[in-house]
Amino acid sequence: MSRRKTERLLSLVVCLLSARKYLTAAQIRDAVPGYPESFDAFKRMFERDKDELRELGIPLETGMNPGGEEEPGYRIPRQAYELPDIRLEPDEAAVLGLAARVWRRAELAGAADGALLKLRAAGIDAEDMTQPGIEPRLQTGEAAFGPLWEAVRDGRPVTFGYLAPGRSTQQQRRLEPWGVVNRRGHWYVVGQDTDRREQRIFRLSRVAGPVAFTGPPGSVTVPPGTDVRGAVRDWDTGSPPPRNCLLRIRAGAGYGLRRHAVSVRPDGEPGWDLVEVPFSEPGWWSEHIASFGADVVVLEPTDLRDAVIGRLKGVLA
Amino acid sequence: VTADAAADRAAVSDRPTATDRLQRLLALVPYVVSRNAVGMAETAAAFGITERELVDDLNMLWCVELRSPDPYCPIDLSYEGGEIVVSEAEAMDRPLRLGVDEACALLVALRMLADLPAIGDGSALSRTIAKLEAAAGSAGNPSAQVAVQVDDVTGESVTAHVTDALGRGRRLHIAYYVPGRDEATERDVDPMRLLVVEGRSYLEGWCRRAGAVRLFRLDRILSIDVLDVGAEVPAGAEHKDVDSGLFRPSPQDVLVTFELAAAGRWVAEYYPCEQIEELPDGRLRVLLRTPDPQLVRRLALRLGEDGCLVAPAELVSQVAADAAAALAQYE
């Protein structure tokens, strides 16, 4: 069954690609083997075949021949079908081979393989690895990645349940997605929150349950000048300017803090050092310091000292 | 083609549909035409199929017949003596354009590579990106709506030493920071791969101190030297399977239980949890395994009142003692 279908679709593509004018349905049935005799049964099968070819990205055109029959016909224009000429130098083919491996076993792995197949068919040998042992990967463990990428790609608004950080119940959010961003291994979606009427960023791992499309393709307009990369970069610039803190750190401990030190000098008491380290977020930094337990003591500033004491008291609460 | 890649492709093409095969057939003709003539074995390997499957594909192409207005066979080819030659391939001698997903998958990956210090030659990447953008046309446009940010904290010299050692097959000596134990350790490592996973760069290598394959985060390498000694990775050393999560707990690890307030819920996302349960009071109970109880003590101190370690009992009392000792420093 599947073999006969492959043969029929192959003949159909070759027939429409080599046609110099639009072919009517009847002409196609006469030329392509494998269609049923009854015209109604043929029509149904032909409609399905057309859909499948379009899903593969084959540009199937409908049109009328000038001065010809009254019935519309079909053809595949070669210019729209063919991959434009592309030639790669060996070092370019090597990075292309590496790029195709990035999605390995992730959401777009099949697409990357498909692209590589077509590029090989265009005469490119993307196999040589000039840099041995380098394996960059992109992972898409989040179930929401597939539907949200589709929504971004096709310009469709979506709705999904979202468990915001620091909340224990999920909320339904409505979003016009503009882009997806991977930051430190996690995927985020950036877009216009339809209810809050402003730009928002959602972490995909916090999307609970299915993502539903709420509009047809093309109904989302990304504002001109939107810089998806920039939206993510800007997160860092929101933090307060860095300050220095003065810590007492036990000798031989606190490597995680000493690594970033601007100065280290011995304390009056043997076995301890005085270490000066820059930080910007007192909340996060106090958690980090608390994790070193009795090996690290904050001397200055006071707000950081109080935050660490608060953390430690919280453990005993 | 590496064995890994072939196995991947085989796994993907587990149950090929009629359209999967059609795509392959449409690529096969231009693959041969662009190379004038090409060997059967090479072609089968490039398409990830057996030579028998390839013969079947070639026969199917050769048998295409259009019946009207006059019957004719648009494709003529031969594969005598193990070499494929296409002598007639009307209208089929170029591959199909890239689809949107196809173009975007490659462009996003190439742009990610361009941001990695490990990929030495940025010029090859920018040339490839430009050529691919031109060939993809509008299919590549949505790739501008995908961005990948990788860590930029790794010193370039660390990356350069790792790639140098990999390229020349040399042993490395590193000082490595182990956050769980808050220690800097010295060790010799025979490098196997440079991985970029979950947005961070790792050296995978045979650790001569542990006598096992280990992953080292490049941003935790405090100092690094390429030794004048050849790397000796034992034949049995296996690559870590990084595709199913970097750190997978083992059954021997200690099982610990936290109860997390809202502000501590990040723990459930950050660490692979064995069990996650919503409690009636809005808190979250998580069970996770760890090879390193010291790491759990640090995590409990970090969480403060945002998360409470409730089991096992001996770790709970250790954490309380840790907190009390730390507080005593402030009195």
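Residues numbered from 1 in each chain as written. Chains lettered and ligands numbered in written order. Predicted model: local features only at pLDDT ≥ 70, side-chain atom pairs only at ≥ 80, totals over all residues. Heavy atoms only, no water.

K.L.:
Can you explain the interface of chain B and chain A? Please cite residues and give values.
P.N.:
Listed per partner, the contact involves 120 residues of chain B and 126 residues of chain A. At the boundary of chain B and chain A, one finds 11 salt bridges. A salt bridge links A:Asp91 to B:Arg127, with the shortest nitrogen-to-oxygen separation between them at 2.8 Å. Ranked by the residues each element gives to the side of chain B that touches chain A, the list is headed by helix α5 (residues 100-114) of chain B, at 12 residues. Partitioning the side of chain B that touches chain A into residue classes produces 68 nonpolar, 16 polar and 36 charged. Here strand β3 (residues 134-136) of chain A pairs with strand β6 (residues 183-197) of chain B via 3 bridges, running parallel. Note that in β6(B) the partner of A:Ile134 across the bridge is B:Leu194. (Contact = heavy atoms within 4.5 Å. Salt bridge = Lys/Arg side-chain N within 4 Å of Asp/Glu carboxyl O. Helix = DSSP H or I, 4+ residues; strand = E, 2+ residues; numbered from the N terminus. Nonpolar A, V, L, I, M, F, W, Y, C, P; charged D, E, K, R; others polar. Pairing = 2+ DSSP bridges.)

K.L.:
Which residues make up the layout of surface pockets, and what are the values?
P.N.:
Within this model, the second largest pocket holds a volume of roughly 1,400 Å³. For the lining of the second largest pocket, the residue count by class is 20 nonpolar, 11 polar and 19 charged. (1 Å grid on protein atoms, 1.4 Å probe; cavity = no way out; pocket = protein on both sides within 12 Å on 5 of 7 lines; lining within 4 Å. Points joined across faces, edges and corners; volume = space filled by probe spheres on them.)

K.L.:
Lay out empty space enclosed by the protein with the relevant residues and their values.
P.N.:
On inspection of all chains with the given rule, the structure shows 3 cavities of 30 Å³ or more. The volume enclosed by the largest cavity comes to roughly 60 Å³. If you trace the largest cavity, you find it lined by A:Arg137, A:Leu138, A:Gln139, A:Asn182, A:Gly185, B:Met112, B:Val148, B:Val150, B:Glu198 and B:Gly199. Split by residue class, the lining of the largest cavity holds 4 nonpolar, 4 polar and 2 charged.

K.L.:
Got a sec to walk through helix α11 (residues 302-316) of chain A? Specific residues and values, please.
P.N.:
Since the α-helix turns once every 3.6 residues, residues separated by three or four places project in the same direction. Over its 15 residues, α11(A) runs 21 Å from end to end, which matches the ideal 21 Å to within 8%, given 1.5 Å per residue. Taken together, the buried positions of α11(A) are A:Leu304, A:Val308, A:Ile309, A:Arg311, A:Leu312, A:Gly314 and A:Val315. Contacts made by the buried residues of α11(A) are with β9 (243-250), β11 (272-279), α10 (282-290) and β12 (296-300) of chain A together with α9 (293-303) and α10 (313-328) of chain B. (Expected span 1.5 Å × (residues − 1). Buried < 20%, exposed > 50% of the residue type's maximum accessible area, 1.4 Å probe, protein only.)

K.L.:
So what's going on with the side chain of A:Thr6? Residues and values would help.
P.N.:
Relative to the helices and strands, A:Thr6 is located in helix α1 (residues 2-18). According to the relative accessible area criterion, A:Thr6 is buried, its value standing at 1%. Residue contacts for A:Thr6: discarding those within four places in its chain leaves B:Ala18, B:Arg21, B:Leu22, B:Leu25 and B:Met60.

K.L.:
Explain the side chain of A:Arg120 to me, and be specific about the residues and the numbers.
P.N.:
Assignment of secondary structure puts A:Arg120 in helix α6 (residues 109-121). Within the local environment of A:Arg120, its side chain forms a polar contact with the backbone oxygen of B:Ala46, the two atoms lying 3.2 Å apart. (Polar contact = N/O pair within 3.5 Å; in protein donor to acceptor, adjacent residues only side chain to side chain.)

K.L.:
Give a description of α6(A) that names residues and reports values.
P.N.:
Residue and element names in this part refer to chain A. For α6, which comprises 13 residues, the first-to-last C-alpha distance of 18 Å matches the rise-based estimate of 18 Å (1.5 Å per residue) to within 8%. The buried count for α6 comes to 11 of 13 residues, which makes it a mostly enclosed element. Taken residue by residue, α6 has Ala-109, Ala-111, Ala-112, Gly-114, Ala-115, Leu-116, Leu-117, Lys-118, Leu-119, Arg-120 and Ala-121 as its buried positions. Looking one or two residues past α6, Gly-123 carries a phi angle of roughly 105°, positive in sign.

K.L.:
Quick rundown of the environment of A:Ser286? Include the residues and the values.
P.N.:
Summarising the element assignment, A:Ser286 is placed in helix α10. C-alpha of A:Ser286 to C-alpha of A:Val298: the two residues are 12 residues apart in sequence and 9.2 Å apart in space.

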